[in-house]
Structures are given as structure tokens and as C-alpha cells.
Amino acid sequence: MDDTEKDIFCSEKIRDSIFYKTRYTMAVCDIAPVLPGHSLIIPIRHVSDPVQLMNEEVVDMFNVLKRIKPVLSKVFTKGSDSYNLTAQIGRYSGMSIPHLHMHVIPRAGNDEFQHDNNKVYDMIEHAKRITTEEMASRVTLLKKELKRNNDE
Ligand SMILES: [Zn+2]
């Protein structure tokens, strides 16, 4: 088996978490969201570090951010302009899955981390997993809202 087939983002298992996909990039609901709407932007090609991306992939990742962020904010944080954008890269960074993924975590003025913003980063590895049913309903909701946002 090819080494790149081993991580979750290269496997078929990620398919049910995808709510938006382009030629180079997928956006998925995090299986263990730190806050509602916590999503991941992931290059489809297996790379561990953004410096390994082709220019088209770099542009596409940020175009996906531009596409999904307004919808995540609208659905989960009443249109707040705030969010955390973060990635751990390399073995000394706390990277858990060796396939590049950018966390997008919508933030609101009343969220539970307002007293300690750094705790958001601690919780990335420790939040509770959602069920298969919850995942399915979030993916369906976001697909619908993205379509609506596109039609407006
Ligand atoms: Zn991979």
C-alpha cells in the first residue's frame, strides 16, 4: 500500500464529512469541533506542508476559505467577522495527521473562549467527537447554505 493512503484525509472515510469540494481542495466538518462550525480546509493531494503546494493549490485553498467563511459565520456566529485560522505543521508542532489541514474556527463575542483565547488551540486535540448523525446533519446544512449563498 502507498504510504499516502494511510491517513484519514487520503481515505474514503473522509467523504461523509466533506461539505464543499473543488478540483484541488476540500472543506470538511471537524469530527471533534472546538466550537460550532469548526471546519478544515484540506488539499486533496497528500502534502504535509504548504511549501509543497503548487501555486494553483495555494490559491485554491484560500479561494475555498473565501467561499466558506461567510457561510460558516452566517450559520454559526450570527455573521461575526471573527475566526481562528490555524495549522500545525511538522513533527514538533503538535501535528496529529500528517496531511496539511487548516482549521477554521468561527468565533463570537459570547463564545466560551472569550476569557482565554489560547484555550481554543489547546482544545483542538481534546474536543468531544460528534456522532455520525450529527456529522451528516451539519454537512447537509452547510451544503444547503452554500448553495443558497451562491444563488443570492
Ligand atoms: Zn494524506
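Here the structure is a predicted model, which is why all the values come from computation and not from measurement.

**Some details on the coordination of the zinc ion**
Within the protein, D7 (OD), C10 (SG), H46 (ND1) and H99 (ND1) serve as the donor atoms for the zinc ion, at 2.0 to 2.2 Å. The site at the zinc ion holds four donor atoms, and with the angles between them running 93 to 124 degrees, its shape is tetrahedral. Sequence spacing of the donors to the zinc ion: D-x2-C-x35-H-x52-H. Remark: H99 occurs in the loop between β4 (82–86) and β5 (102–107) and H46 occurs in the loop between β3 (39–43) and α1 (55–76); sequence separation between them is 53 residues. Relative accessible area serves as the criterion here: at 0%, H99 is assigned to the buried category.

**Digging into the packing of α1 against helix α3 (residues 132–151)**
At a closest axis distance of 10 Å, the pairing of α1 and α3 adopts a crossing angle of 115 degrees. Put simply, α1 runs roughly perpendicular to α3. Between α1 and α3 the crossing geometry is right-handed. Residue-level contacts link R67, I68, V71, L72, K74, V75 and F76 of α1 to L141, L142, E145, L146, R148, N149 and N150 of α3. When the residues that make up the contact of α1 with α3 are grouped by side-chain class, the tally is eight nonpolar, two polar and four charged.

**Things to note about the layout of surface pockets**
Of the volumes computed, that of the largest pocket is approximately 510 Å³. Taken together, 26 residues make up the lining of the largest pocket; nearest its centre are I8, D30, I31, A32 and R129. A per-class count over the lining of the largest pocket returns 14 nonpolar, seven polar and five charged.

**A look at the environment of R15**
You can see R15 is positioned in the segment before β1 (18–21). On the basis of relative accessibility, which here comes to 55%, the residue R15 falls in the exposed class. Taking the C-alpha atoms as reference points, R15 and M135, 120 residues apart in sequence, are found 11 Å from one another.

**Considerations on the sheet that holds strand β2 (residues 25–29)**
Spatial strand order, β1-β2-β3-β5-β4: five strands in an open sheet with antiparallel pairing. The open sheet is flanked by β1 and β4, the only strands paired with a single partner. Each strand of the sheet is rotated relative to its neighbour by a mean of 20 degrees, with strand direction disregarded. For β3 and β5, the ladder comprises three bridges, and the chain directions are antiparallel.

**Quick notes on α1**
Helix length check: α1, at 22 residues, gives a terminal C-alpha distance of 31 Å against a target of 32 Å (1.5 Å per residue), a fit within 8%. Helix geometry: α1 is bent most strongly at I68, by close to 30 degrees, with proline P70 lying one to four residues after it. Every buried residue belonging to α1 is among E57, D60, M61, V64, L65, R67, I68, K69, V71, L72 and S73, and all of these are buried. Buried-residue contacts for α1 involve β1, β2, β3, β4, β5 and α3. Positive backbone phi, approximately 50 degrees, marks K78, located one or two places after α1.

Definitions and cut-offs
Residues numbered from 1 in each chain as written. Predicted model: local features only at pLDDT ≥ 70, side-chain atom pairs only at ≥ 80, totals over all residues. Heavy atoms only, no water. Donors = N, O, S within 2.8 Å, 3.2 Å for Na, K, Ca; no water. Tetrahedral: all angles 85-135°; square planar, octahedral: opposite > 155°, others 65-115°. Helix = DSSP H or I, 4+ residues; strand = E, 2+ residues; numbered from the N terminus. Buried < 20%, exposed > 50% of the residue type's maximum accessible area, 1.4 Å probe, protein only. Axes fitted to C-alpha atoms, helices over the stretch in contact; angles between N-to-C directions. Parallel < 35°, antiparallel > 145°, perpendicular 65-115°, else oblique. Left-handed = near helix turned anticlockwise from the far one by under 90°. Contact = heavy atoms within 4.5 Å. Nonpolar A, V, L, I, M, F, W, Y, C, P; charged D, E, K, R; others polar. 1 Å grid on protein atoms, 1.4 Å probe; cavity = no way out; pocket = protein on both sides within 12 Å on 5 of 7 lines; lining within 4 Å. Points joined across faces, edges and corners; volume = space filled by probe spheres on them. Pairing = 2+ DSSP bridges. Expected span 1.5 Å × (residues − 1). Bend = angle between axes of the 7 residues up to and from the residue.

So, to be careful, I would describe these as geometric facts and stop short of saying anything about function.
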